[in-house]
Each structure stands twice: as C-alpha cells, then as structure tokens.
Amino acid sequence: MKQILLVLSLIGILIGSCTSKEEARFQIKEGHFYLDKKPVQLICGEMHYPRIPKEYWRDRLKRAKAMGINTISAYVFWNFHELQPGEFDFEGQADLAEFIRLAQEEELYVILRPGPYVCAEWDFGGYPSWLLREKGMVYRSNDERFLAACERYIKRLGEELSSLTVENGGPILMVQVENEYGSYGDDKVYLGRLRDMIKDAGFNVPLMTCDGSGQMEAGHVAGVLPTVNGAVGEDIIKSVDKFNPGGPYFVAEFYPAWFDVWGTPHSYRDYKRPAEQLEWMVKNGVSVSIYMFHGGTNFSYTNGANTAYGYAPQPTSYDYDAPLGEYGNAYPKYYAFREVLQKHLYKDKPLPEVPAENTIIEIPELTLSESAPLADAFNERINSERPLSMEDVNQDFGYIHYQTVIPKPVKGTLTIKNVRDYAVILLNGKQIGSLDRRHRQSSIEIDVTEVPAKLEIVVENVGRVNYGSDILNNRKGITEKVTIDGKELKGWKNTPLPLHKAPVGSYHYSSDLIKGVPAFHRTVFNLDKTGDTFLDLSKWGKGAAWINGRSLGKFWNIGPQQTLYVPGPWLKEGQNELVIFTLEDTGARTVKGLNAPILDQVGVDINSDERPKRDNSKKPILDKGDIVLTKSLEKEFGWQEFTFENAVTMRHLALETVSAFDDGMPCLSELDVIGEDGKPLTKDTWKVVYASSEEEADKKGYADCLVDGNLGTYWKARSASQPQSVIVDLGEIMTIKGIRIMQPYQKITGKVNEFRIYARPQFFLFK
Ligand code: GLA
C-alpha cells in the first residue's frame, strides 16, 4: 500500500512538474486538461496516415472535424520510417509532419503515439524487421541493443516533429509512451528509459501511457499520465482513480467495433450501444479517443497477425466498422456519434456540414491477357546449406523463393520447419500443394520420379505477429529446415522477392498465359473519369495487386474481404495499368471495379484440413456428478463467457446441448476454455473424441469446427433431438476457470439455448 501511495504521489509531482509552468499552453491540473487556461475535453479520433492515401489526408480530417472530433490520435509506425538501420524516410506517404500540419490547418489537435511498439494490427507492432537480424535481442525490454535502436528512432522523430508541439506553435498536445505495455511486462526501468528518450527528443508536452484497466498497474510509469483503454461507464473512473485519483479521465482507446481476420466473419457492431457509451463519457467530462475513428487500408504488406488461437493474420482492409469506413464513407455510427457530440459539446455551434461523398466509379470487366513468369522477379540469388529466413537475407516483406535439387527418386513426406507463413510447393515446375500456417500445416506427401528433380518453395510473409509474446518469434520464410522422411535437403538457392515496387519494368509480359503456378498478370485499360472503386477479386486465389505502380495490398479469396480498395486519385483519366501477382492461381483472369466494397464474405478455404475420422458408435456415460456448469446462451454472435463456481481440473470436457432457440439441429461455432490466468488457452493439441451427431455432407458442420479457432465454421448435429454432445480431449490435465462460447454468425436454425458442461480429470467412460 505504502508503495502504491509513493507511486501515486510521484505521478502527481512529475505530471505537475512537466506542465505546471504558467506559460505552458496545454496543462494537466486539478483533474482536467487545460488549453490556453480553459478546461478542455478531448474528443479524439484515431487515424493512421499510412492507411489513408496521402491525397485523401485532408478529406478524412475534414470528415473528423465534421463529426465533432477535436483531436487526432495517431500512432507513428517505426518500420514505415526507418527502412534500414539509420536510413529514414519521411517523404510522400511517410510525411508525417505534413499530416500533422494539415490537421492543424483543419483546426484539429494531435496526440502522437510513437511507440516504439504500437500493436495496431500492423506488421510486428511497428518494429522494423531488421531488429530480428540481431539474434537473441529482446524487444520491449531493457536490452541495451534494443534501447539503442529505439533511441535513434525517437531522436530522429524529435528532429522531424518536436517543432510541432503546441508549445512550439503546432497542434501536438501529448505524446504517448509505449502502448499497453502492462499487457506484456512490468519493467518500470524500461518504461522510464522510453519516457526520458521522448522528453530528450524535444517533446515539451505532457506524456501519457494507456492500458486496459487490469494492466494499468504494470503499464504506468512515474511522471506520465495514466489513461485507460476499453473501459466504459463508471469503470473508467474506478480504473483511473487507482493510479491518478481525481483524473483527468481519458479513455485512450474506445472501441466502436473491431478489426477483421482472414478467413473469419467481418467484424460488425451496431451503433446504438457505442453511441450510448460515448454519450456517457461526454456527459461525465471524460476525454475519449475513438479507436478507430477511421481505419483505412493496410496497403502493401503492412498488416500484422495475432497468435492467441493459432496464427491469425489481418486482411488488407482495416475498415474496422469504424464510424468512417475504409474509403471515407460515413456509416450510421458516424451520424449517431455526431448527434451525441452536437447535443452535448457544441450546443450553440453547429458542427460543419459533412462533406459530400467522393466520386465512386465502376470499371467494366477487364481481362488480364498478358503474363510474366515469377523468375522475372529474380534478382539476388544466395546459396546456402539450409534455407535462409527472410531476415537472414535482409528482406522485410513479400515473398521468398527457395530452390534445390532432389537427385534420386524418392517417395515420402516432405516437411518444412517452420513455414512462415504460407508456402506453395512446385516439383519440376508443377505446383503440387501448399502449406498454411493458419492450419498448422507443415508437410505434404511427395513422389519424385523424374530426376534430377527441381524442388521450388515460394513462401509468403502473411504478416508478423503484432501482439503478445510471439512478437519475439517473428522470422519469416523457412526458419529451420526441409526434410523428406526425416532426411534433410541441403544446398539451397534463396531468392528474396520483396516486390516492393510493382512487377513491371524489366518484366517480360506476353500473351502466353501462365496457369496454375505463381506468376504475374497484367492489363492496360482506359478511363474517361476517375473515382474510388473496388476491385472484385473474389474469383481469384491469393496474391497482391498494383494499380499504376501503387500497391493496393494483398487479396485472398477466403475472405471476408473480397474486393481491394482502389483510391480514385491513384487512377488516371486515359491509360491505366493493373498488375496482379498470383501466389495461388484459380485460373481467373477477369476483374471488375465495383461501386461498393465486399468486406463480409467468408470464402472456401482450400487448405482447411480434411475431415478427421472418428468412431462415434460407442456412447459416453455422462454422469450428473461430472456437471460443472448449466447455463443458457444468448442467441447473438459474440463471445459469451461463463466462470465455474470453483476452478475445475479436467482432461476431458463434454458440452451437452439441452435446448435450442427453435426446432433446428443444434449448432455452435466455437468453444474456448479459460485458464487460471483468466485467458483462453491455445487449442493446438486438442482433439474432438466424440460427437453424438455431426454434419457429414457439409465440411463446415463437423464437430472439430467447435474448437478449430475459426469463427466462420460451426458444429451442427444431424438430428434435432436433444440432448446432443461433443467431447473434447484437452491433451493433458489442466485447471480451468471457465469457458466461453460463440454462436454461429450465419443465419441458421438450431442455435443452442441451454447447455451443460461435464468435466473429468481423466477420460469419460464409453458404453
Ligand atoms: C489494443 C491496441 C491497439 C489495437 C487494438 C485492437 O488496444 O492498443 O493498437 O491493436 O487493441 O484494434
């Protein structure tokens, strides 16, 4: 307790000391923010300059202002600026100072969040991939090598931006130290070093940290304002009061919705509840930042990935179902929030008109009638015994090609350790299969008859992990070795294919169409009018696209995103050039520009595992004494969490349905168990050992879908009779605090209402 008090008083003293100078324009005192001596409530909208085409920066800022936003909150993405150690880029799309100046011109203030770690569903949480070259370096820690790199970046940022603080005539009000560090570690020395670096770089404004309410203890640091993420209502006050009694109260991330993941349903959240939550904050003097106000697009290769339930990369669209959608379109949420802000904050001052929508065009069907081989992209070829990772060859993003020779006929299992993250395998020029890290795939059967055989493996970096301890484990390509039946294949040619620039120029496009292997495809077309459009790639497989040399990002027909956003200013009246790289080719060669995006269609996943064989003929004996939970579910999609009365030791868990909302056949999308630390456990080693009944015709309906981490699939019984049950083997005996369950998002009958959970430390008996 004493310790906490000491920390509290230290926070007070230091926050006070860095802002108490009478002359400071922006101050924190008496539980409020003050700007030019007047109390101010910050209504911030998070926007990310690399995710918005530069030509639209002002457009989006105007739309923020028109909703009632007074401050823009912006992460700075280290890997977007320091491309190689000491080599910085602050031009064009990376001209952050210009973005901040435009905000000021539009009468908006700015909160800068330079990390260096930012999370943000951004590759490696913003860290440059060259950090991975230094073996054993520990990020987000006191590792001196790491801190030296942070310091170089922060210093350079200071040179670029410190003249733009509010004290120096610019719009920057505050700067954030790290990002939700409390969810990762609790090293105050590390946080203190970052705090000092930011100050030393010339940012003469108050600093802040932000954390989920349970992590504020570990995430705050002396001299820096603690703020809370994700809290709503009275919880905001309670959380902040523990560390900074009396406020100011600032929710640095308020989530109006959430991001998407490849292969799972589009995130959608109705506006009503978020609008009420915003209204509560506004009425109660709480400052807030809407994460995201406008998400935008992960152009190029900038998306990240999560690993809590297996590898889960984020798609190109970062629409986020935010108030302002991916192309600057106002969703109903935008107007609902605007109404709240108008009513409570701008009573006597009408908000600016919402700018008219930007022009949208359709592009009639185009045929990509020319192809160029992948080998046209080969530049540097590096020889090695074992395959090299992308970082070994100093590559950041994109793809990497590996080639070796198999001298003698062989039949067996080809294993790649580890595939990071998606590999296409070719034998003597023919594609024989692919491996997908999302499904923990690492091997395929191979039969080599024509020798010497050429084995090629093209690996895509699908996005570096941006959250949790797996950020330490972020090398890409093949990270160890390749074997056939355990025997290692040695002697490789490694060819980096970063494809930073559009694959044109020295590429040899011809009308000899290349089919069924990775290749480039191109078309040139004319437009008499430009405008935003949405390239429909739903019939294509997996790859990337460029318009007039600019990357539109990656596509993948597993969805939920099926179109790529083409910003109008990147098109030209007259001739335009579209290039598509296919890593997985379906043979489609036509595309259209649609007048609206498709962001919510989960497609067929060619890599999802085959249906496992299971003997359901023996019935389990489910004993009442093993029941640990009896509850009812809501019908809606979204996690529903249940805590057991006491933690339960189990190896076998049975879920038994008791009733459904209608007379359909019982179905459920996903089941997680919550470990002792309150977090869902990974399900890598789980096995479904029994299902009373399961859909057989539809691959989506079998019982394994209940624990496959894929919210697009579900278990469905083949009979509507109750009860139905599924038994899962957790692989080892574990202590479990509770479970969480997800209903299918699809409109189907049979959604489960009442259910029971049985648990046994060992196995259930079968009749
Ligand atoms: C956290 C992080 C953000 C972002 C959101 C989810 O709160 O601070 O960077 O990753 O989660 O969108």
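Bear in mind that the values here come from a model prediction, so they are computed numbers and not experimental data. (Residues numbered from 1 in each chain as written. Predicted model: local features only at pLDDT ≥ 70, side-chain atom pairs only at ≥ 80, totals over all residues. Heavy atoms only, no water.)

A.B. asks: Describe in detail the overall build of the protein chain, supporting the description with residues and values.
C.D. replies: When helices and strands are tallied, the protein chain shows ten helices and 44 strands. A compact globule built from 767 residues should have a C-alpha radius of gyration of about 27 Å, and the protein chain, at 27 Å, falls within 12% of that. Counting the 767 residues in the protein chain, one finds 60% classified as buried. By sequence separation, contacts in the protein chain at least 24 residues apart represent 79% of the contacts at least 6 residues apart. Positive and negative charge centroids in the protein chain, built from 89 and 104 side chains respectively, lie 2 Å apart. (Helix = DSSP H or I, 4+ residues; strand = E, 2+ residues; numbered from the N terminus. Rg over C-alpha atoms; globule rule 2.2 N^0.38 Å. Buried < 20%, exposed > 50% of the residue type's maximum accessible area, 1.4 Å probe, protein only. Contact = heavy atoms within 4.5 Å. Lys, Arg positive; Asp, Glu negative; His and termini not counted. Charge placed at Lys NZ, Arg CZ, Asp CG, Glu CD.)

A.B. asks: Break down the side chain of E160 for me, with residues and values.
C.D. replies: As for its position among the elements, E160 is in helix 5 (residues 144-161). Side chain to side chain, E160 and R156 meet in a polar contact 2.8 Å long. Once you skip the residues sitting within four places of it in the chain, E160 turns out to touch F90 and A97. (Polar contact = N/O pair within 3.5 Å; in protein donor to acceptor, adjacent residues only side chain to side chain.)

A.B. asks: Could you give an account of the nonpolar core, with specific residues and numbers?
C.D. replies: With 144 residues, the main nonpolar core has Y127, F146 and M174 as its most contacted residues. Tallying contributions element by element places helix 5 first for this core, with eight residues. A domain-level breakdown of this core finds at least three residues from each of domain 1 (37-258 + 267-297 + 319-344) and domain 2 (363-372 + 502-594). Leave out the neighbours within four places in its chain, and M174 touches F26, I28, F33, L42, V110, I111, L112, V205, P206, M208, L225 and F250. (Core = buried A, V, L, I, M, F, W, Y, C linked by side-chain atoms within 4.5 Å. Domains from an automatic or database assignment.)

A.B. asks: Describe the packing of aromatic side chains, and please don't skip the residues or the numbers.
C.D. replies: Per the counting criterion, the structure on display carries 48 aromatic pairs. Between Y507 and F520 the ring centres are 5.2 Å apart and the planes differ by 90°, which places this aromatic pair in the edge-to-face class. Of the two residues, Y507 sits in the loop between strand 27 (492-497) and strand 28 (519-527) while F520 sits in strand 28, which places them 13 residues apart along the sequence. Side by side, Y507 and F520 carry an identical accessibility label, which is buried. Sitting above the plane of the Y422 ring, K542 keeps its charged end 5.1 Å from the centroid. (Phe/Tyr/Trp six-rings, centres within 6.5 Å; stacked < 30°, edge-to-face > 60°. Lys NZ or Arg CZ within 6 Å of the ring centre and 35° of its normal.)

A.B. asks: How would you explain the packing of helix 9 (residues 272-283) against helix 10 (residues 332-345) if you had to name every residue and give the values?
C.D. replies: Across the interface, helix 9 lies against helix 10 with an axial gap of 9 Å and an inter-helix angle of 20°. Here helix 9 is positioned roughly parallel relative to helix 10, judged by the angle of their axes. Seen from above, helix 9 lies across helix 10 with right-handed handedness. In this structure, helix 9 contributes P274, A275, L278, E279, V282 and K283 to the contact, and helix 10 contributes A336, F337, V340, L341, K343, H344 and L345. For the contact of helix 9 with helix 10, the residue count by class is nine nonpolar, one polar and three charged. (Axes fitted to C-alpha atoms, helices over the stretch in contact; angles between N-to-C directions. Parallel < 35°, antiparallel > 145°, perpendicular 65-115°, else oblique. Left-handed = near helix turned anticlockwise from the far one by under 90°. Nonpolar A, V, L, I, M, F, W, Y, C, P; charged D, E, K, R; others polar.)

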